[in-house]
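What follows is the residue order along each chain.
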Amino acid sequence: MTLQRLLPVALALTGLACDPAANRVNRPGTPPPLTHPQPSTDWELVWQDEFDGPEGTPPSPERWVHDVGGHGWGNEQQEFNTDRTENTAHDGAGNLVITARRERYNSRDYTSGRIRTQGRYETTYGRIEARIQLPVGRGIWPAFWMLGANINSVDWPECGEIDIMEYRGQLPSILRGSLHGPGYSAGDNLGQDYVVSGVRLNEDFHVYAVEWEPNRIRWFLDGTAFFEATPAQLPEGARWVFDQPQFIILNVAVGGNFVGPVGRDTVFPQQMKVDYVRVYARPT
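About the criteria used
Residues numbered from 1 in each chain as written. Predicted model: local features only at pLDDT ≥ 70, side-chain atom pairs only at ≥ 80, totals over all residues. Heavy atoms only, no water. Helix = DSSP H or I, 4+ residues; strand = E, 2+ residues; numbered from the N terminus. Buried < 20%, exposed > 50% of the residue type's maximum accessible area, 1.4 Å probe, protein only. Contact = heavy atoms within 4.5 Å. Areas by Shrake-Rupley, 256 points an atom, 1.4 Å probe, with all protein chains shown as cover. Polar contact = N/O pair within 3.5 Å; in protein donor to acceptor, adjacent residues only side chain to side chain. Core = buried A, V, L, I, M, F, W, Y, C linked by side-chain atoms within 4.5 Å. Phe/Tyr/Trp six-rings, centres within 6.5 Å; stacked < 30°, edge-to-face > 60°. Pairing = 2+ DSSP bridges. pLDDT = per-residue confidence, 0-100. Salt bridge = Lys/Arg side-chain N within 4 Å of Asp/Glu carboxyl O.

Draft legend 1. Molecular detail of the overall build of the protein. If you tally the helices and strands in the protein, you get 2 helices and 18 strands. Out of the 284 residues belonging to the protein, those deemed buried represent 57%. Contacts spanning at least 24 positions in sequence make up 75% of the contacts within the protein whose residues lie at least 6 apart. Element-wise, carbon and sulfur atoms account for 46% of the exposed surface of the protein, whose accessible area totals about 11100 Å².

Draft legend 2. Representation of the environment of Thr111. Relative to the helices and strands, Thr111 is located in strand E7 (residues 108-112). Judged by its relative accessible area of 0%, Thr111 is buried. With sequence-adjacent residues up to four places away left out, Thr111 is seen in contact with Glu79, Phe80, Thr82, Arg84, Asn87, Thr99, Ala100, Arg101, Glu103 and Tyr105. Among the polar contacts listed, one links the side chain of Thr111 to the side chain of Glu103, at a separation of 2.5 Å.

Draft legend 3. Structural context of the nonpolar core. Counting residues in hydrophobic clusters, the biggest one holds 51 residues, and the most contacted among them are Ile132, Phe144, Ile162, Leu175, Leu179, Leu250 and Val277. Excluding anything up to four places from it in sequence, Leu250 contacts Phe51, Trp64, Ile98, Gly113, Arg114, Ile115, Ile132, Ala143, Phe144, Met272, Val274 and Val277. Judged by nonpolar contacts, the second largest core, of 9 residues, contains Trp145, Leu147, Trp156 and Cys159.

Draft legend 4. Geometry of the packing of aromatic side chains. According to the stated counting rule, one finds 10 aromatic pairs in the structure shown. Between the aromatic rings of Tyr110 and Phe268, the centroid separation amounts to 5.2 Å while the plane-to-plane angle is 35°, which identifies the pairing as tilted. Of this pair, Tyr110 sits in strand E7 while Phe268 is found in the loop between strand E17 (246-254) and strand E18 (270-281), placing the two residues 158 residues apart along the sequence. Accessibility expressed as a relative area gives 8% for Tyr110, which makes it buried. When the centroid spacing of 5.2 Å and the interplanar angle of 40° are considered together, the rings of Trp141 and Phe258 count as tilted. Here the residue Trp141 occupies a position in strand E10 (residues 140-148), and Phe258 occupies one in the loop between E17 and E18, the gap between them amounting to 117 residues. With respect to class, Trp141 is no different from Phe258; both count as buried. Members of the aromatic cluster, joined through ring pairs, are Trp47, Phe51, Trp64 and Tyr121.

Draft legend 5. Main features of the environment of Ile217. Considering the arrangement of structural elements, one finds Ile217 in strand E15 (residues 216-221). C-alpha separation for the pair Ile217 and Arg127, spaced 90 residues apart in sequence, amounts to 9.5 Å.

Draft legend 6. Expanded view of the pairing of strand E9 (residues 126-133). Within E9, 8 of the 8 residues are buried, which leaves it mostly tucked inside the rest of the structure. Bridge count for E9 against E18 is 7 bridges, and the pairing is antiparallel. In the sheet register, Ile132 faces E18, and the bridge partner there is Val274.

Draft legend 7. Focus on the confidence of the model for the protein. With 86% of its residues at a pLDDT of at least 70, the protein reaches an overall mean of 88. Here residues 2-35 is a poorly scored stretch, pLDDT under 50, and it has 128 contacts once near neighbours within four places are set aside; other chains count.

Draft legend 8. Summary view of the pattern of salt bridges. Evaluation of the coordinates by the stated rule reveals 16 salt bridges. The salt bridge involving Arg216 is made with Glu213; its shortest N-O contact spans 2.6 Å. In this structure, Arg218 and Glu228 form a salt bridge, with 3.6 Å as the shortest nitrogen-oxygen distance. Taken as a pair, Arg218 in strand E15 and Glu228 in strand E16 (residues 224-229) lie far apart in primary sequence, 10 residues in all. Through salt bridges with shared partners, one network takes in Arg127, Glu129, Glu211, Glu213, Arg216, Arg218, Glu228 and Arg282.

Written out as structure tokens, the structure is:
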């Protein structure tokens, strides 16, 4: 999720995305299998949150920071993000639930949650994955993504952004992975849509992941790779900035340029359930 335009530093800390329609589409013949053990012996677990907290409790403050505000985040989003447990809390069944609600709050008509690991955990390279059940409905915009930890000093998109997963709630069989950096951001990002045959991503949990290595990032759904990005794919003169630490973000936006307005038939509340977030590194 990207910033469509540069915001003040306070907003740039948590910049969000606007991606237009995909420029490339992959259509697999059958849906990939659901897999969620450790990916392989090529990786070792180095950081995790299994979201096993008691029902109604907030995410661990040792791992996560809340973004609070209703600024549109550069994308004309309609929600006010809060730090309330009504919007972000454990469900007591091993999930963190981010809930978008239709309610008047601080001059906005919707509330939701947005959390990040900035200042708590940042990584350079590795396999970053989450097992998530997505919400659904026109105008609902969930995302699992990363931003460069140097955003305070260099701003966006110079810091780099890795969108591991985002999707339009009105198109529940299509997800998108993308990169944003200097010379390839917002509508000109480097990315790809993935159309999953016979599957609606809101109906069950799926594992969304990237494997980030020097000069290469690969995107996966349930263990199946669907996109790979390298410096050779960048526009002429653009720079690869994915060689420095990034932090992790989870959120559910309501409305905005990527998804359009909320549909009259969109039911609230809408929930994104996150079973876990895990980070793996290559064994040394």
